[in-house]
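Observations on the model geometry
So you can see what is in the structure, the chains are spelled out below.
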Amino acid sequence: MNRLLRRLLLWCARNDWMREHLPNLPFMKRAVHRFMPGDTIDDALGAAVTLQVLDIATIYTKLGEALTELPQAQEVADHYLELLSRIKSSEIDGEISVKPTQLGLDLDEDACFAHLRTLAAAAEAQGSYLWIDMEDSAYVDRTLDLFQRLRATHPRTGVCLQAYLRRTAKDVERLLPINPAIRLVKGAYDEPKAIAFQDRGEVDANYLGIAVTLLRESRTRPLRIGLGTHDVELVQQIATHAGAAGIPKEAFEVQMLYGIRAKEQRALVRAGFRVQVLIAYGPAWYRWYMRRLAERPANVLFALRQLLP
Ligand SMILES: Cc1cc2nc3c(=O)[nH]c(=O)nc-3n(C[C@H](O)[C@H](O)[C@H](O)COP(=O)(O)OP(=O)(O)OC[C@H]3O[C@@H](n4cnc5c(N)ncnc54)[C@H](O)[C@@H]3O)c2cc1C
């Protein structure tokens with residue numbers, strides 16, 4: 001049942017008619033605020049203040065993907081440049097995370113790369129960091145190529161890999177020689193059986209295996225490892241493996257989304273883990289929000305409750 005609902009919600013995420021109409025419904029607007037502090041840079045940075053006091057660093061992403069015209073990519077890049085300078089002037093321990101299609105990957109790959117280079121250079125100059133999100137499977141090869149090219153000149157850059165994809169262990173092997181920064185997530189899109197594990201247990205096992213490989217490798221090479229998951233039990237299992245191999249908790253970060261498992265985020269900090277929270281913001285939240293609903297269909301009930309006065 002959950003799997004069916006997940007597929008239905010991911011179908012809704014891709015549906016253009018719904019994307020145009022559903023975000024205008026007041027109950028949807030109320031519901032999404034559980035996962036994002038608002039539409040503007042001020043809203044996003046405002047949310048960091050409470051987190052920073054708790055020793056939780058932040059990552060920012062402006063929502064929006066799959067642009068239709070190249071000048072929109074320039075606007076997105078300019079927005080992130082402003083964001084980076086606001087992070088610096090607000091003395092926030094913050095990084096940024098971008099989607100290649102938001103920077104024009106579908107329209108002009110060279111232009112997309114140029115934007116990534118500009119953002120990586122600005123992030124570096126301001127002591128920040130640039131993460132590249134991973135979108136659906138049609139983009140994996142191009143995203144990894146962009147990352148490898150970028151990383152050759154800009155070391156303060158990282159990429160997201162998805163444990164539900166059967167190929168990911170091989171992608172890790174391919175990336176290891178460049179000592180990458182990797183954010184490992186389970187994966188948020190609707191992918192076919194031929195290329196992606198469908199069973200939750202298989203995804204978790206693959207996640208654990210890849211995370212342990214990365215940690216083992218981190219003993220001999222300078223890797224940055226982000227565990228992008230709210231699965232605290234899985235994080236504990238990984239930490240136990242690491243501990244048994246003499247690898248400290250400082251060897252990785254736990255990265256979670258704003259508004260999800262906030263109590264656990266704090267408990268992890270108290271237990272000595274390094275925690276980062278990704279804050280998404282902006283008016284183009286529809287697709288992203290539908291993916292959050294798909295991850296936990298119980299969230300649909302929360303959204304529907306916003307219909308009540
Ligand atoms: C920092 C970060 C960056 C990400 N970047 C990408 C990316 O670039 N590409 C990509 O494909 N995916 C990305 N994701 C999403 C990821 O792929 C998963 O879809 C998402 O994290 C849910 O899986 P989980 O690992 O939390 O584990 P799950 O097994 O799904 O969840 C574990 C527990 O966490 C809680 N939980 C999980 N999701 C939710 C939710 N939406 N609402 C409420 N509770 C929830 C529940 O208690 C659940 O039992 C990112 C996730 C994070 C945290």
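This structure is a prediction, so every number in the text was calculated from the model and none was measured.

Scanning the protein chain from N- to C-terminus turns up 13 helices and eight strands. Scored against the burial criterion, the 309 residues of the protein chain give a buried share of 53%. Residue pairs in contact within the protein chain that sit at least 24 positions apart in sequence constitute 75% of those at least 6 positions apart. In the structure as shown, the protein chain presents an accessible area of about 14,100 Å², 54% of it carried by carbon and sulfur atoms.

As a structural note, the neighbourhood of the ligand is formed by 26 residues, with Lys-186, Gly-187, Thr-229, His-230 and Glu-295 the closest of them. Within the backbone of Gly-187, one N or O atom sits 2.7 Å away from an oxygen atom of the ligand. Note that an oxygen atom of the ligand is positioned 2.7 Å from one of the side-chain N or O atoms of His-230. Going through the elements one at a time, strand S4 (157-162), strand S5 (181-185), strand S7 (253-257) and helix H12 (286-295) are the ones with two or more residues in the shell around the ligand. A total of three residues in the shell around the ligand trace back to one element, the largest contributor, which is S7. Tallied by class, residues from the shell around the ligand come to 10 nonpolar, seven polar and nine charged.

This brings us to the nonpolar core. With 81 residues, the main nonpolar core has Tyr-60, Leu-83, Leu-116 and Leu-130 as its most contacted residues. By size, the runner-up hydrophobic cluster in this structure holds 28 residues, among which are Ala-31, Leu-63, Trp-285 and Ala-294.

Quick look at the domain arrangement of the protein chain now. You can read the domains of the protein chain as domain 1 (1-35 + 285-309) and domain 2 (37-282). Between domain 1 and domain 2, the contact holds 14 residues from the first and 19 residues from the second. Contact with domain 2 buries surface across domain 1, with Phe-35, Trp-288 and Arg-291 losing the most and accounting together for 35% of the total. Along the contact surface separating domain 1 from domain 2 lie two salt bridges. With a shortest N-O distance of 4.0 Å, Arg-14 and Asp-190 are connected by a salt bridge. Taken together, the links from domain 1 to domain 2 amount to two residue pairs in polar contact (both at pLDDT 80 or more). Residue composition of the side of domain 1 that touches domain 2, grouped by class: four nonpolar, one polar and nine charged.

With that settled, consider unusual backbone geometry. Positioned with a positive phi, Asp-55 is a non-glycine residue whose angle comes to about 75°. Positive phi outside glycine occurs at Arg-261, with the angle close to 50°. Take Arg-261: it is sitting in the loop between S7 and helix H11 (262-270).

Moving on, we get to the sheet that holds S4. Strand pairing in a sheet takes place through backbone hydrogen bonds and is either antiparallel or parallel in direction. Pairing in this closed barrel of eight strands is parallel, and the strands run S1-S2-S3-S4-S5-S6-S7-S8 around the ring. Between one strand axis and the next, the sheet turns by 25° as a mean value, whatever way the strands run. With three bridges joining them, strand S1 (residues 57-62) and strand S2 (residues 94-98) adopt parallel strand pairing. Across the sheet, the residue bridging to Ile-59 is Glu-95, located in S2. On top of the sheet, helix H7 (residues 140-153) reaches strand S3 (130-132), S4 and S5; it is set at about 155° to S4, its chief contact.

A few words now on helix H1 (residues 2-14). For H1, built from 13 residues, the straight-helix expectation of 18 Å at 1.5 Å per residue is met to within 8% by its first-to-last C-alpha distance of 19 Å. Close packing links the buried residues of H1 with helix H2 (16-21), H12 and helix H13 (298-305).

Under the definition given, this model contains 18 salt bridges. Taking the shortest distance from any N to any O, the salt bridge between Asp-16 and Arg-287 comes out at 3.6 Å. With Asp-16 in helix H2 and Arg-287 in helix H12, the pair connects residues that are 271 residues apart, well separated along the chain. Residue classification places Asp-16 among the partly exposed residues on the basis of a relative accessible area of 42%. Its relative accessible area of 19% is what places Arg-287 among the buried residues.

This part takes up the pairing of S4. With respect to burial, S4 is a largely interior element, six of its six residues being buried. On S4, burial covers both faces: Thr-157, Val-159 and Leu-161 on one face and Gly-158, Cys-160 and Gln-162 on the other are all buried. With three bridges connecting them, S3 and S4 associate as parallel partners. Bridge pairing links Leu-130 to Thr-157 in S4. Handedness of the crossover joining S3 and S4 through H7: right-handed. Pairing of S4 with S5, which is carried by four bridges, proceeds in the parallel orientation. When the sheet's bridge partners are listed, Leu-161 is paired in S5 with Leu-184. In terms of handedness, the path from S4 via helix H8 (residues 168-175) over to S5 forms a crossover that is right-handed.

Cut-offs and rules
- Residues numbered from 1 in each chain as written.
- Predicted model: local features only at pLDDT ≥ 70, side-chain atom pairs only at ≥ 80, totals over all residues.
- Heavy atoms only, no water.
- Helix = DSSP H or I, 4+ residues; strand = E, 2+ residues; numbered from the N terminus.
- Buried < 20%, exposed > 50% of the residue type's maximum accessible area, 1.4 Å probe, protein only.
- Contact = heavy atoms within 4.5 Å.
- Areas by Shrake-Rupley, 256 points an atom, 1.4 Å probe, with all protein chains shown as cover.
- Near = heavy atom within 4 Å.
- Polar contact = N/O pair within 3.5 Å; in protein donor to acceptor, adjacent residues only side chain to side chain.
- Nonpolar A, V, L, I, M, F, W, Y, C, P; charged D, E, K, R; others polar.
- Core = buried A, V, L, I, M, F, W, Y, C linked by side-chain atoms within 4.5 Å.
- Domains from an automatic or database assignment.
- Buried area = accessible area lost by both parts, 1.4 Å probe.
- Salt bridge = Lys/Arg side-chain N within 4 Å of Asp/Glu carboxyl O.
- Pairing = 2+ DSSP bridges.
- Axes fitted to C-alpha atoms, helices over the stretch in contact; angles between N-to-C directions.
- Expected span 1.5 Å × (residues − 1).
- Right-handed = clockwise from strand over helix to strand, strands pointing away.

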